[in-house]
Amino acid sequence: MRIRQTYKKSKKPVVSAVVLFLIVVCCLCCELIMTKDPAYPDLEHYDLAPCREFLFGTDALGRDIFSMIWYGGRISLWIGVEAALISFVLAVLIGTASGSAPAWLDALLMRMTEILFGVPGLLFVILLQAALGQANVCSIAFAIGATGWMSMAKIVRTEVRQIRNREYILAARCMGGSFFYVLRTHLLPNFLPSILFMSVMNIRSAIAAEAALSFMGIGLPIETVSWGSMLSLAEKALLHNSWWVVLFPGGFLTVTLVCITNIGNYMRRSRK
């Protein structure tokens, strides 16, 4: 039993890492492998099933799904990374400020964090996106990233409170070190391993949130190709029995999320 548990903890997600690497590379180099212009509506070949010319078929507008997969994947991955980076920065700044602040300010920041944490994430994203106006790649990424930092900030705050009175940190402050200097030099290296896997999982959550928003019709406009905007056509595609319009973007989205989840779970197990 102990050998099996040790094996599970040491098992590396090699397959997930390789598959994710290939998807990312193909999305970044999509101009080299696209067979058609992903935005060109070829009305003579709309709703075509997969064939030799259109490897993944075409959608209701005649756009080549094979080309859209790789170009749209780049948009979806960019939204995931940008949103995760925004969440990381907010979590580090607010968590560090709370952990270093006096008791009354620490309590105020944590109560605010808990109130925001209690709001359903997708509803919070919708409200923030409505306030930002017309949806685009940057606004979607900001709305998702600005609503996903709370749990990470609480971990940062706990880690900072445990090390804030260490001799080297007190010495840096006494010598005139600024908040950002102490954060960058002494605090961040200590709590970064604790939140690194959460940042990876935030990429997964952001990609899934973008897909959910687009599927509900309140995400990226249909002319902006992403895996989510492609899935927004799922209802009409299924009514016309155009299964390929749903299968390929949904399959790539699912595989990417599973790979990121496996890598994040491995990072979490390795930290224990």
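Residues numbered from 1 in each chain as written. Predicted model: local features only at pLDDT ≥ 70, side-chain atom pairs only at ≥ 80, totals over all residues. Heavy atoms only, no water.

## Topic: the nonpolar core
Consideration 1: Counting 28 residues, the largest nonpolar core has Phe56, Ile65, Ile69, Trp70, Trp227, Met230 and Leu253 as the members making the most contacts within it.
Consideration 2: Counting only elements with at least two residues in this core, the list comes to helix H2 (14–28), helix H4 (65–100), helix H10 (179–215), helix H11 (227–231) and helix H13 (243–271).
Consideration 3: If you tally residues by element for this core, the top one is H13, at 8 residues.
Consideration 4: Residues in contact with Ile69, not counting those within four places in the same chain, are Phe56, Trp227, Met230, Phe248, Pro249 and Phe252. (Core = buried A, V, L, I, M, F, W, Y, C linked by side-chain atoms within 4.5 Å. Buried < 20%, exposed > 50% of the residue type's maximum accessible area, 1.4 Å probe, protein only. Helix = DSSP H or I, 4+ residues; strand = E, 2+ residues; numbered from the N terminus. Contact = heavy atoms within 4.5 Å.)

## As for the UniProt feature "transmembrane region" (unreviewed entry) in the protein
Consideration 1: Under the feature "transmembrane region" (unreviewed entry), the UniProt entry names residues 75–96, 108–128, 134–156, 203–222 and 242–263.
Consideration 2: Span residues 108–128 is 86% helix and 0% strand, its end C-alpha atoms 22 Å apart. (UniProt positions renumbered as here; feature names shortened; annotations may be inferred.)

## Quick word on the pattern of salt bridges
Consideration 1: Counted according to the given criterion, the structure contains 7 salt bridges.
Consideration 2: With a closest N to O distance of 3.1 Å, Glu31 and Arg74 form a salt bridge. With Glu31 in helix H3 (residues 30–33) and Arg74 in helix H4, this pair connects stretches of sequence that are 43 residues apart.
Consideration 3: Put simply, Lys154 and Glu114 hold a salt bridge, and the shortest N to O gap is 3.4 Å. Of the two residues, Lys154 is situated in helix H8 (residues 150–163) and Glu114 in helix H5 (residues 103–117); the sequence distance between them amounts to 40 residues.
Consideration 4: In this structure Glu114 comes out as partly exposed when scored by relative accessible area, which is 36%.
Consideration 5: Connected through shared salt-bridge partners, Asp106, Arg157 and Arg161 make up one network. (Salt bridge = Lys/Arg side-chain N within 4 Å of Asp/Glu carboxyl O.)

## A closer look at a nonpolar patch on the surface
Consideration 1: Together, Val14, Val18, Phe21, Leu22 and Val25 line one region of the surface with nonpolar side chains, adding up to about 440 Å² of accessible area.
Consideration 2: Its place among the elements puts Val25 in helix H2.
Consideration 3: Look at Val25 and you get partly exposed, because its relative accessible area is 33%. (Patch = residues over 30% accessible without salt bridge, like charges linked within 9 Å, V, L, I, M, F, W, Y side chains within 5 Å. Areas by Shrake-Rupley, 256 points an atom, 1.4 Å probe, with all protein chains shown as cover.)

## Observations concerning the environment of His45
Consideration 1: For His45, the position within the fold is in the loop between H3 and H4.
Consideration 2: Along the chain, His45 and Pro193 lie 148 residues apart, while their C-alpha atoms are 51 Å from each other.
Consideration 3: The residues contacting His45, other than those within four sequence positions of it, are Phe54, Thr58 and Gly62.
Consideration 4: Looking at His45, its side chain comes within polar contact range of the side chain of Asp42, at 2.8 Å. (Polar contact = N/O pair within 3.5 Å; in protein donor to acceptor, adjacent residues only side chain to side chain.)

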